[in-house]
Structure formats: C-alpha cells, structure tokens
Amino acid sequence: MANFKLYIQSLFLFIILIVMLLSPLVSGGYLVEEYILLFLALILVVVLIYVIKHKSTYTSTSGITTEILESQIAWLKNISLVVKILIVGFQTLASILLAIFSLLFVIYINLAVPSDASIVDKILFGFSSAIAIGIYSVAAVLSYLALFFIPFFVSLPFAATIGYHWKKPGRFLLLRPFNRRYASKPLRNIMRNKIAFYGHTYTLADISIKLPWYVRIPVFVGQIGFLQFRVRKIRSNKGLSLLGKEMGNRWKRNLNWCMSWGKVFAIATSDKYWKMCVSQIIPLTDVIFIDLSEMRDNILWEIEECRQLRAIDRVVFLVQENNYSEARKYIDEYIESGAKPVELFQYTGKGEIVGNAFEPALANLLINQ
C-alpha cells in the first residue's frame with residue numbers, strides 16, 4: 001500500500017512537470033511563477049525517486065540491522081540538508097528584499113519638497129508618500145510571510161516524507177547538569193552531529209538548551225505549532241500524561257525533528273515536577289545519555305532512578321575529557337557490575353567524541369532493543 005502511494009505521488013508530480021514544460025505553447029513563454037513551480041516540482045520528483053529507491057531500508061519497523069541504520073542515516077542527512085537549504089535560502093532572500101524595500105522607503109520619505117513647489121505639487125507629493133507607505137507596508141507583510149511562512153511550507157513535502165517513512169526512530173533522553181553552559185554547548189553539538197540521525201533526543205530545558213525564541217514568542221507565527229516541538233511547561237500530572245502521548249506521536253515528532261535546527265527537544269518543567277518528568281521519560285526511551293562532567297545531586301539522583309527503573313543497561317555515560325578520572329572512579333565504585341565494563345565516552349569542549357567506539361555502541365543498543 002505504501003509503495004502504491006509513492007508511485008501515485010510520483011505520477012502526479014510527473015504530470016504537473018509535463019504540464020508546466022508544455023505551458024509555453026499556451027502562454028507564449030514561461031512566467032516567473034512557472035519557473036519557481038517548475039524548480040520545486042523537479043526537486044520533489046527527485047526526492048520521491050530517492051524515496052522509492054531506498055524504501056526497503058527505512059520503512060522497516062523490525063529487524064533493524066547495522067546496514068539498515070547506516071542507509072537510514074544517509075537518507076535522513078540528505079533530506080534534512082535539502083530542508084535546511086530551502087529554509088535558509090528563502091529566509092535570506094526575504095531578508096534581502098525587506099532590506100531593499102526599507103532602504104528605498106527611507107530614501108523616498110526623506111526627499112525634500114522644493115520650497116518653491118506649487119500647492120498642487122505638494123499635494124501630489126503627499127499623496128505619493130501615502131502610496132509609498134502603503135506599498136512598503138504590503139512589501140513588509142509579504143517579506144514577513146516569506147521569512148516565516150513560505151520556507152516551512154516549501155520544505156513541508158520533504159519533512160512529510162521523513163514523517164511518514166521513518167518508521168522506527170530511536171528515542172533518547174539526555175541528562176546533564178542544569179544551567180552549565182560550558183557543558184551544554186558541546187553536548188548540543190554531539191546530539192546534533194552524532195545522535196540526531198538515529199532518532200529523537202529529549203532533555204529538560206534550562207538556560208542553555210530551551211525552546212527557540214521564535215517558537216516561544218507567538219507573534220512569529222511562521223513557526224507554526226505543528227512544525228515545531230512545543231509542549232506546555234509541565235506543572236501537573238496531566239502535563240506528564242500529555243508528554244507521554246506527545247512522545248508517542250511518531251509522525252509529528254518526525255516532522256518536528258526535520259524542521260528543528262538543533263535536533264534536540266527541550267522540555268520545560270517546574271522545579272516540583274522535574275524528577276517526575278525524568279521518571280516518566282526513562283521507560284519511554286531506548287537510550288539514556290548521562291553527562292558525568294559534574295557529579296551534582298541531580299545527576300546522582302538520575303543515575304539512581306535509572307537503576308530503580310531497571311534502565312541502567314540502556315545508559316551511555318559521557319564526560320568532558322578534563323573530568324574523566326573522577327567520573328571513571330565513580331563508575332568503578334558505584335555502577336560497575338559483572339564481567340562487562342561500563343563504557344565512559346569522553347568529549348572535547350567543541351563537542352567531538354574521543355575515539356571511534358561511540359556510534360557502534362549506540363547502534364548496538366538500538367539493534368538489541
């Protein structure tokens with residue numbers, strides 16, 4: 001059924017493409033909007049051909065192998081790159097147009113009316129100034145729409161492709177010291193560059209990792225709610241329950257993932273509910289990443305909670321390389337059990353994992369879920 005839908009979509013786009021190629025026979029030449037639609041149709045056709053060609057690797061919901069994961073990662077990187085290019089390209093173009101209109105408007109408004117001008121000329125100048133203000137207002141609105149609406153709607157078909165066909169994204173939880181910028185920045189880079197293409201990453205929001213400003217401020221309506229991960233601040237048991245349901249909405253989370261720049265979903269919660277929020281998320285995730293760069297009380301509690309919920313085998317420990325010795329000592333004394341040693345992965349201040357064992361370990365955890 002899924003294959004049939006893909007072929008129908010491709011056929012529909014090919015028909016649109018042919019109609020637009022033949023449009024000069026009717027109109028006598030290409031219009032500007034026809035060039036834009038032609039370009040978008042060509043991209044969509046190429047994407048759908050790529051989707052059909054690789055459908056066997058990323059539509060699987062069971063029997064995940066290393067080869068399937070590698071192919072899936074390559075596919076996700078390609079599609080998300082196209083989305084980034086479209087969003088940045090359209091926003092850059094809209095910003096340039098808005099700047100040009102603003103400059104022309106300022107120049108025109110500051111033109112002085114000659115002192116010896118007649119009453120009629122002064123009236124005409126005032127009338128033309130009013131028209132200029134109206135034109136600028138329309139241009140500003142259109143630029144605003146282009147800046148916040150159009151890029152996301154143009155990239156929506158690509159995001160929808162990921163949303164529909166990424167059948168089994170991993171679900172990860174990142175636990176880290178609160179309000180520590182020195183650690184949050186490299187961790188954010190690791191999540192975006194090393195982990196994002198394996199699945200969805202959740203973490204508690206703080207001053208360093210939080211909802212983007214353009215999502216939190218309602219006036220910027222271009223970042224429409226269903227395109228961005230946005231859950232209300234958790235202050236009640238009802239909020240906890242809704243969070244679990246939202247995490248289970250695979251299609252919507254895939255869409256959010258594609259539109260997100262940082263690829264990390266920040267969850268805001270009150271001081272009263274942060275522990276309950278962690279306890280709610282741990283059973284719902286495939287892998288828990290815990291940063292041991294600072295052995296603070298919240299980190300120690302989270303480790304113990306993973307132990308209580310029998311999730312310690314799904315924990316991957318991270319630490320900044322400068323704090324490795326202390327973290328290794330803690331693991332050896334309080335976590336190490338059995339013949340298999342607990343791995344501790346070091347990362348640099350730039351967010352680079354030391355060594356090459358991290359991704360194979362992550363893939364192995366996902367395959368054996």
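Structure shown above.
Residues numbered from 1 in each chain as written. Predicted model: local features only at pLDDT ≥ 70, side-chain atom pairs only at ≥ 80, totals over all residues. Heavy atoms only, no water.

(A) Representation of the packing of helix 10 (residues 237-247) against helix 12 (residues 274-281). Where helix 10 meets helix 12, the axes come as close as 10 Å, and the angle between the chain directions of the two elements is 30°. Our classification of the angle between helix 10 and helix 12 gives roughly parallel. Both helix 10 and helix 12 take part in a crossing whose hand is right-handed. Along the contact surface, helix 10 presents Asn-237, Leu-240, Ser-241, Leu-243, Gly-244 and Met-247, while helix 12 presents Met-276, Cys-277, Gln-280 and Ile-281. Its residues assigned to classes, the contact of helix 10 with helix 12 comprises six nonpolar, four polar and no charged. (Axes fitted to C-alpha atoms, helices over the stretch in contact; angles between N-to-C directions. Helix = DSSP H or I, 4+ residues; strand = E, 2+ residues; numbered from the N terminus. Parallel < 35°, antiparallel > 145°, perpendicular 65-115°, else oblique. Left-handed = near helix turned anticlockwise from the far one by under 90°. Contact = heavy atoms within 4.5 Å. Nonpolar A, V, L, I, M, F, W, Y, C, P; charged D, E, K, R; others polar.)

(B) Here's a closer look at the packing of aromatic side chains. This model, assessed by the stated rule, comprises nine aromatic pairs. Here the aromatic rings of Trp-274 and Trp-301 are separated by 5.4 Å at their centres, their planes lie at 70°, and the arrangement is edge-to-face. With a gap of 27 residues between them, Trp-274 in helix 12 and Trp-301 in helix 13 (residues 297-308) connect regions that are remote in the sequence. Assessed through its relative accessible area of 14%, Trp-274 is described here as buried. Classification of Trp-301 by relative accessible area gives partly exposed; the value is 23%. Each residue in the set Phe-172, Phe-289, Phe-345 and Phe-358 is aromatic and connected to the rest through ring pairs, giving one cluster. (Phe/Tyr/Trp six-rings, centres within 6.5 Å; stacked < 30°, edge-to-face > 60°. Buried < 20%, exposed > 50% of the residue type's maximum accessible area, 1.4 Å probe, protein only.)

(C) Up close: the pattern of salt bridges. For the structure on display, the rule yields seven salt bridges. Across the pair Lys-194 and Glu-359 runs a salt bridge whose closest N-O atoms are separated by 3.5 Å. Taken together, the residues Lys-194 in helix 8 (residues 181-195) and Glu-359 in helix 15 (residues 358-367) connect sequence positions 165 residues apart. Relative accessible area serves as the criterion here: at 32%, Lys-194 is assigned to the partly exposed category. Among the residues examined, Glu-359 registers a relative accessible area of 28% and is labelled partly exposed. For Arg-307, the salt bridge identified is with Glu-304, shortest N-O distance 3.2 Å. Of this pair, Arg-307 and Glu-304 both sit in helix 13, three residues apart, which is roughly one turn of the helix. Through salt bridges with shared partners, one network takes in Glu-246, Lys-252 and Arg-253. (Salt bridge = Lys/Arg side-chain N within 4 Å of Asp/Glu carboxyl O.)

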